[in-house]
Amino acid sequence: MNKSLRLFTVKGIDIRVHLTFPLILLWAAYQFALVFGGLSGALFGVTAIILLFILVTLHELGHSFAARMYGVPVEQIVLSPIGGVAQLKGMPESPIQEMIIAIAGPAVNFLMAFVIAAVGYIFGLDFRSLTITFSMAESATLAALISYVFISNLFLAAFNLIPAFPMDGGRILRALLALRLEYSRATNIAATIGRIVAILFGIYGLINGGIFMIFIAFFIFMAAGQEARYSRFKHALDGYTVKNAYTTSAYRLQPSYSLEQAKNLTAYTGQEEFPVVDGEWLTGYLTRSTLFQALQSNPSYLPVSSIMDRKVIPVTPDTGLFEVQQRLVEESRQSLPVVSDTGRYLGVINHQLIAQLFQQAQSSPIVPGTTSR
Ligand code: ZN
C-alpha cells in the first residue's frame, strides 16, 4: 500500500491513487488520439478517464458510507488502473448489512446515471442519443464525452453486479445465501457460482476472440477461490480473541541483558522475536534481525534496552484475533506482545498460534467464550 499517493480526504477517508495510475491516462490519451485524431483526441481520452475515475471514487464512497453506517471503519480508498477498492477494517454483523454495503456501490452509479442524463439533457441529448452518440462520433465533441461517460457509468454498475467474487454481485449473492445458510457454506456456494460465471465468460471470450474477456475470466476465477479462503478465515476467527490463543511460555529478555546474552538466547531457543520485560512490565520488543544488525556495528556488551523497539503497540486479551492477524501482516511481524489492561506483561501471540486455533475452529466449531455477534 506504500506505492500509492494520497489525493485528498473525504470525511476522514483517504482517497489514494496507485503510482501506476498515470499509465492509464497515457494509454487513454494515445487510444483516443488514434480514434479522434491529434491533441483533441488525447484531451478527450484524459478527460473521459478522469471523469470515469470520479465515478469509481463515488462508487467506493457509496460502499464506505454504508459500511460506516454499520460501524465498520473504512481505512482508505485506493484507485489503480484496474479500478478502485474501499478497504474496510472489520466485517458487518449481519448478511443484510453486508448486502446493503455491497449494493451501495452500484446504487451510486444508478443515481449518477440520472445526473449524467440531466447534464446530457441540458446539452440537447435525449436518452437514445446518450447511448449511441459516442459510438457514432467522428470527432471529440462534448456530446461524445457525455455519451461516453453515460455508457461507461452503466457498464461500471453492470460489471460490478456480476455475481462472482470479488465483484459486489458476488457479495450480494453470498449475503442472500447467508440469510438461509451457514456463512461458510454460503461463501463456498457463492465462490462456486463465481467460478462457473468465470468459465462462461472465458468460453464467450474464446468464441469471440476477446483476449480482454479471457483475461477478466481468469482474474475472476482466481479471485473466487481467494475470497472464499479469506472469508472462511475471517469468519472462523470472528468472536475469538487473544485470550483464546496466546502463549505465556515465550522466552523473554530483560532490558539489562547484553546483546551477547540475547544472541545466545536466540541460538538456544530458536525464537525469532522477544518481549523485553522489566519485572512485570513490557518495556520493548526485539526481533532477531534487529539484534543481528546491531551486533554488526555495536559492541556486544551493550544492553538490550539500547536497541529494542520501544514503540511496539501490544495487544490485550480482548483484542480480536482477526485484527491481530491483520496487524501482523501489515507490520510484517511474526508475533506481538500481550499485556493486561494495566500494561502488565502476559505473553505473546503469533501466526502459528492463530493458525492452530483456526484449524481447531474449522474441524470442531467451538462456541467462543465471548462472541461479538
Ligand atoms: Zn463496488
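Along each chain, the written sequence defines residue order, and numbers are assigned to residues from 1. Reporting in this predicted model follows two pLDDT cut-offs: at least 70 for local features of residues, and 80 or more for side-chain atom pairs to be given and counted; totals over whole chains, interfaces and linings ignore these cut-offs and use all residues. To get the side-chain values, all heavy atoms of the structure are used, and hydrogens and water are removed first.

J.: Honestly, the coordination of the zinc ion in this entry has me stumped. Any pointers?
T.: Each donor-metal-donor angle would ideally measure 109.5 degrees in four-coordinate tetrahedral geometry, or 90 or 180 degrees in six-coordinate octahedral geometry. Any N, O or S atom lying within 2.8 Å of the metal counts as a donor, with the limit raised to 3.2 Å for Na, K and Ca; because water is left out of the atom set, some sites can appear incomplete. Coordination of the zinc ion by the protein involves His 59 (NE2), His 63 (NE2), Asp 168 (OD) and Asp 168 (OD), with metal-donor separations of 2.0 to 2.6 Å. Ordering the donors of the zinc ion by residue number gives the pattern H-x3-H-x104-D. Pair noted here: His 59 and His 63 are both in helix 2 (residues 38–69), with a separation of 4 residues, about one helical turn. The same class applies to His 59 as to His 63, namely buried. Helix and strand definitions follow DSSP, with helices as H or I runs of at least four residues and strands as E runs of at least two, each counted in order from the N terminus. Each residue's exposure class comes from its accessible area (1.4 Å probe, protein chains only) as a fraction of the maximum for that residue type: buried when under 20%, exposed when over 50%, partly exposed otherwise.

J.: Looking at this model, I keep getting lost on unusual backbone geometry. Mind explaining?
T.: Phi is mostly negative for residues that are not glycine, and the peptide bonds are mostly trans. In the Ramachandran plot, Lys 11 falls in the positive-phi region, its phi being about 45° despite a non-glycine side chain. By the secondary structure assignment, Lys 11 is in the loop between strand 1 (4–10) and strand 2 (13–18). Relative accessible area serves as the criterion here: at 66%, Lys 11 is assigned to the exposed category. Positive phi outside glycine occurs at Ser 332, with the angle close to 45°. Mapped onto the elements of the fold, Ser 332 is located in the loop between helix 11 (321–330) and strand 7 (335–339). Taking relative accessible area as the criterion, Ser 332 reaches 64% and is therefore assigned exposed.

J.: What is the right way to read the nonpolar core from this model?
T.: Nonpolar side chains in soluble globular proteins tend to be buried together. Here the nonpolar core consists of buried residues drawn from Ala, Val, Leu, Ile, Met, Phe, Trp, Tyr and Cys, with membership extended through side-chain atoms lying within 4.5 Å. Counting residues in each nonpolar core, the largest one holds 38 residues, and the members touching the most others are Phe 44, Ile 49, Phe 53, Ile 77 and Tyr 148. Looking at this core, the elements that each hand over two or more residues are strand 2, helix 1 (21–36), helix 2, strand 3 (74–80), helix 3 (95–122) and helix 5 (142–160). When residues of this core are assigned to their parent elements, the largest contribution, 10 residues, is made by helix 2. Residues are treated as being in contact if the distance between any of their heavy atoms lies within 4.5 Å. Once residues within four sequence positions are removed from consideration, Phe 53 is found in contact with Phe 21, Ile 24, Leu 79, Ser 80, Pro 81 and Gly 83. Judged by nonpolar contacts, the second largest core, of 28 residues, contains Tyr 240, Leu 282, Val 312 and Tyr 345.

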